Amino acid sequence: MLSFLIENWIPAVMALVSGALLLWPVLQRGAQGGAISPTEAVRLINREKAVVIDVCEPGEYAAGHVAGSRSIPLGTLEGSKELPSNKALPLVVVCASGMRASRAAGTLRKAGYANAQVLAGGLKAWREANLPIEASKTA
C-alpha cells in the first residue's frame, strides 16, 4: 500500500484535495451553527410560520429591523415572555451581522427551541436581498 502511494503520489494528493474541496461547504455550514440564507428564512416564514426574533438592542431595532420581527435583546432572551409558547415553531434569529444571533440561537436551543436558526449575515444580508425592513418610532 505504501509503495503504491509513493509511486502514485500525484493522483493521491489530487484525490485528497478534491475530497477536501467537496467537504468544505458542509464544514462551513456546520461552523455557522446552521445559519440560513434570507431566501430560506422567507420560505420558513411563509410556509412554516417561523417567528423572527431580533436580538439587537432597542435602539438598533428601532433604527431598522426585519418586518414583523419580535424585539428580544440578547441580554433579556432567557425567560422572555415574548418568545412563542410553541417550542416546535421554527425561529429565525437576527442581529446586525449574525454574531449575537449565533449566541442567541444556542441559548434558545438549550431552552428547548430545537428549530432556532440564525439568519446568515444578519440584517445586512436581509437588506442586500431587498427584503422588507421596518423602522420604529419607539424602542
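Reading guide: rules and limits
- Residues numbered from 1 in each chain as written.
- Predicted model: local features only at pLDDT ≥ 70, side-chain atom pairs only at ≥ 80, totals over all residues.
- Heavy atoms only, no water.
- Helix = DSSP H or I, 4+ residues; strand = E, 2+ residues; numbered from the N terminus.
- Buried < 20%, exposed > 50% of the residue type's maximum accessible area, 1.4 Å probe, protein only.
- Contact = heavy atoms within 4.5 Å.
- Pairing = 2+ DSSP bridges.
- Polar contact = N/O pair within 3.5 Å; in protein donor to acceptor, adjacent residues only side chain to side chain.
- Right-handed = clockwise from strand over helix to strand, strands pointing away.
- Disulfide = S-S within 2.5 Å.
- Salt bridge = Lys/Arg side-chain N within 4 Å of Asp/Glu carboxyl O.

Overview of the overall build of the chain
Consideration 1: Helix and strand counts for the chain come out as 6 helices and 6 strands.
Consideration 2: For the chain, the α and β elements follow one another from N to C terminus as α-α-α-β-α-β-β-β-α-β-α-β.
Consideration 3: For the chain, buried positions account for 32% of its 139 residues.
Consideration 4: Considering only contacts within the chain whose residues lie at least 6 apart along the sequence, 69% involve residues at least 24 apart.

Quick notes on the sheet that holds strand β1 (residues 51-54)
Consideration 1: Taken in spatial order, the 4 strands of this open sheet run β3-β1-β4-β5, and their pairing is parallel. Strands with a single pairing partner mark the edges of an open sheet, and in this sheet they are β3 (70-71) and β5 (116-118).
Consideration 2: Here β1 runs beside strand β4 (residues 91-94); their pairing, made up of 4 bridges, is parallel. Within the sheet, the bridge partner assigned to Val-52 lies in β4 and is Val-92.

Quick word on the side chain of His-65
Consideration 1: Here His-65 shows up in strand β2 (residues 65-66).
Consideration 2: Here Tyr-61 takes part through its backbone oxygen, which lies 2.7 Å from a polar atom of the side chain of His-65.
Consideration 3: Excluding residues that lie within four positions of it along the chain, His-65 makes contacts with Asp-54, Leu-123, Pro-132, Ile-133, Glu-134, Ala-135 and Ser-136.

Thoughts on the pairing of β4
Consideration 1: The side-chain alternation of β4 yields two buried faces, one formed by Leu-91 and Val-93 and the other by Val-92 and Val-94.
Consideration 2: As paired strands, β4 and β5 are joined by 3 bridges and run parallel to one another. Across the sheet, residue Leu-91 finds its bridge partner in β5, namely Ala-116.
Consideration 3: Between the parallel pair β4 and β5, the chain is carried across by helix α5 (residues 99-110), and the sense of this crossover is right-handed.

Structural notes on the environment of Val-92
Consideration 1: As for its placement among the helices and strands, Val-92 is situated in strand β4.
Consideration 2: In this structure, the C-alpha to C-alpha distance between Val-92 and Ala-35, residues 57 residues apart in sequence, is 9.2 Å.
Consideration 3: Excluding residues that lie within four positions of it along the chain, Val-92 makes contacts with Ile-36, Ala-41, Leu-44, Ala-50, Val-51, Val-52, Ile-53, Gln-117 and Leu-119.

Thoughts on the state of the cysteines
Consideration 1: Evaluated as defined, the whole model comprises 0 disulfides.
Consideration 2: Looking at the unpaired Cys-56, the closest cysteine sulfur is the one in Cys-95, lying at 5.6 Å.

Describing the pattern of salt bridges
Consideration 1: Applying the stated rule across the entire model yields 4 salt bridges.
Consideration 2: The salt bridge partner of Glu-40 is Arg-43, with a shortest N-O separation of 2.8 Å. Within this pair, Glu-40 and its partner Arg-43 are both found in helix α3 (residues 38-48), separated by 3 residues, close to a single helical turn.
Consideration 3: Assessed through its relative accessible area of 27%, Glu-40 is described here as partly exposed.
Consideration 4: By relative accessible area, which is 29% here, Arg-43 ends up partly exposed.
Consideration 5: When the shortest N-O distance is used, the salt bridge between Glu-60 and Arg-100 registers 2.8 Å. Note that Glu-60 is positioned in helix α4 (residues 58-63) and Arg-100 in helix α5, a separation of 40 residues in sequence.
Consideration 6: Assessed through its relative accessible area of 34%, Glu-60 is described here as partly exposed.

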